[in-house]
Protein chains: 2
Amino acid sequence: MTYAIGIDIGGTNTDMGLVREDGKIIARANIPTNAYTELKPYIKDMMGCIDRLMKENGVQAIEGIGIGAPNGNFYTGCVDNAPNLTIKGVLNFEEEIHHYMPVPVVLSNDANAAAYGEMVYGGAKGLTNFIMFTLGTGVGSGIVLDGRLVHGSTGAAGELGHAILVPEGRLCSCGRKGCLETYTSARGIVQTFCELRKETPDYAGELKAVDDKDITSKMIGDAANHGDPVALKTYEHTGYWLGIAMTNAVTFSAPQAIFLMGGPTKVGEPLMKPLRESFKKHLLNIFAGSCDIRMSELAANEVAILGAAALIKMKI
Amino acid sequence: MTYAIGIDIGGTNTDMGLVREDGKIIARANIPTNAYTELKPYIKDMMGCIDRLMKENGVQAIEGIGIGAPNGNFYTGCVDNAPNLTIKGVLNFEEEIHHYMPVPVVLSNDANAAAYGEMVYGGAKGLTNFIMFTLGTGVGSGIVLDGRLVHGSTGAAGELGHAILVPEGRLCSCGRKGCLETYTSARGIVQTFCELRKETPDYAGELKAVDDKDITSKMIGDAANHGDPVALKTYEHTGYWLGIAMTNAVTFSAPQAIFLMGGPTKVGEPLMKPLRESFKKHLLNIFAGSCDIRMSELAANEVAILGAAALIKMKI
């Protein structure tokens, strides 16, 4: 058995995992990212954790260290000016880690890592062309083409959450209008629900007494699964929009499958049924039958570590 | 100097060219595609032409034969049931050609060939990530990523003309609604002009006396360059739509450049100015400055042959 380290860097926490080649996370550790303002002590403590994880589990050697990080640049091994990190500037993780351990280091962003993790450890095993959509606060994506992650010329390719779905549509946090993210992220789903509820003066469902600002996509998901008509309609719209976005992605790379993960997908059929219908309706006929929609097979609390560890497979 | 053969298969004519490695077309020949209903005699005559082109020009050997064809399947070397060919069925060009000449044979569709031709012989020399949009009766595209043409899992990737730009928008010839093609093809441009003219009862421009059904995109282009306000507005809309489509493509593959070719682009600034403005306005900020829009540098009457010949570079 061989082993790799997967590291998921978030603004608050940095999670590390020792991952066996069969995709089992043998042991985990974490340090608070926001306790650091300098790279060197941060990496020092990170490497201390990794050293301990290896020793405690009798692992002598690892294939490498994979890192999923906001603004992680695959080409340079650096994190470039990530707005939500307390450590500022262009951070050369690869160089700094090599002071401790001369193993391959691979960085990418979290949606890319999730896609690659699905290929190495999850439901995309054996596939060479697929796309992962991650729904959460925003919408991310990772694209695998001919077995390789698509990083493009800048390293930032695969930002399908910011493809414009509706010209002059909803205002996005990126400052532009009509991005997919504004319709199918958790926030987008809440906005759709609130808009539909407003258009339904006789709404008497379970969220009647909850203010717009207190509604979450989880509440809407639960209501939909209880048969709430406005919540169900919300997911009809969401599935419709996401289905169009997915067929657009198919015109680009003709994937074998499109994977879906993230909190807002947990609602299940209220989203999946209209999504499949929209995908089928909007798919260009030459692609009919060539691509299906699947749920990620990785556990929500493991995907970030597994995805990061999987990135190492690109370098060995 | 080495040589390749480029073949452009259209429904009416099949154009062949002997191409020198520096991109000069040494000699050309053609046969009428629609005079054939069987593959064998068609290939026999094609190979006769190629043999003659080589002999007449003292060329002993070629690197291979590249073919741009409707429904050309890169993976199989076949043309699969092309609706506009009089030779029906799945046509195994590669196998049939090998009865005459044991050289590499590569097939792809015409927009893919144009993209690859731009990389080998035109303005994309030295680029490894770019996208070609071809505007004509329809809108085609060819995508190059990490120096390779994107064919996807089916061989049919790169159909950005059928990405849905406006959900529930204009009806497309593919049967779906809102495809980019319905807004930015020659037909789309004519439709936009006719719609805008209808909304402008006091229109007194040079196309006032021309019926909707007789308007061509060439006429609208000329009128725009003469200052016709409705024609200019037509290209403002066209550039706006195409700019959004291009920024959406950037979110996918982060190209270094987007190339543009085809009849409707010949109008020049009336299209290019609003296109550049829309592209700049709609580009996600992380891609700012990483990608620009360029015109194809290949001659309109050479691109099909050169693109087809260039495909051979993928196999050698």
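Heads up: the structure comes first, above all this text.
Every value quoted in this text rests on a predicted model; they were computed, and no experiment measured them. (Residues numbered from 1 in each chain as written. Chains lettered and ligands numbered in written order. Predicted model: local features only at pLDDT ≥ 70, side-chain atom pairs only at ≥ 80, totals over all residues. Heavy atoms only, no water.)

Some details on the overall build of chain A
Secondary structure assignment for chain A yields 9 helices and 13 strands. In terms of C-alpha radius of gyration, chain A reaches 20 Å, essentially the compact-globule figure of 20 Å for 316 residues. By its C-alpha atoms, chain A is 65 × 45 × 35 Å across when sized along the principal axes. Scored against the burial criterion, the 316 residues of chain A give a buried share of 58%. Counting only carbon and sulfur atoms, one obtains 52% of the accessible surface of chain A, whose full area is about 12500 Å². Separation of charge centres in chain A, based on 28 positive and 34 negative side chains, amounts to 2 Å. (Helix = DSSP H or I, 4+ residues; strand = E, 2+ residues; numbered from the N terminus. Rg over C-alpha atoms; globule rule 2.2 N^0.38 Å. Buried < 20%, exposed > 50% of the residue type's maximum accessible area, 1.4 Å probe, protein only. Areas by Shrake-Rupley, 256 points an atom, 1.4 Å probe, with all protein chains shown as cover. Lys, Arg positive; Asp, Glu negative; His and termini not counted. Charge placed at Lys NZ, Arg CZ, Asp CG, Glu CD.)

Structural notes on the environment of Cys174(B)
Positionally, Cys174(B) belongs in the loop between strand E11 (148-149) and helix H4 (181-184). Sequence-wise, Cys174(B) and Glu95(B) are 79 residues apart; in three dimensions their C-alpha atoms are separated by 31 Å. Once you skip the residues sitting within four places of it in the chain, Cys174(B) turns out to touch Leu284(A), His162(B) and Cys179(B). (Contact = heavy atoms within 4.5 Å.)

Some remarks on the pattern of salt bridges
Enumeration according to the criterion identifies 30 salt bridges over all chains in this entry. Here Arg170(A) and Glu195(A) are joined by a salt bridge, their closest N and O atoms 3.2 Å apart. One end of the pair, Arg170(A), is in the loop between strand E11 (148-149) and helix H4 (181-184); the other, Glu195(A), is in helix H5 (residues 186-198), with 25 residues separating them in the sequence. Glu181(B) is the salt-bridge partner of Arg187(B), the closest N and O atoms lying 4.0 Å from each other. Here Arg187(B) falls in the partly exposed class, since its relative accessible area comes to 48%. (Salt bridge = Lys/Arg side-chain N within 4 Å of Asp/Glu carboxyl O.)

Things to note about the sheet that holds strand E6 (residues 78-80) of chain A
Residues and elements named next belong to chain A. Read across the open sheet, the 3 strands follow the order E5-E6-E7; overall the sheet is antiparallel. Edge positions in the sheet fall to strand E5 (72-73) and strand E7 (90-92), since each of these pairs with one other strand and no more. The pairing of E5 with E6 spans 2 bridges and is classified as antiparallel. When the bridges of E6 are listed, Gly-72 appears paired with Val-79. (Pairing = 2+ DSSP bridges.)

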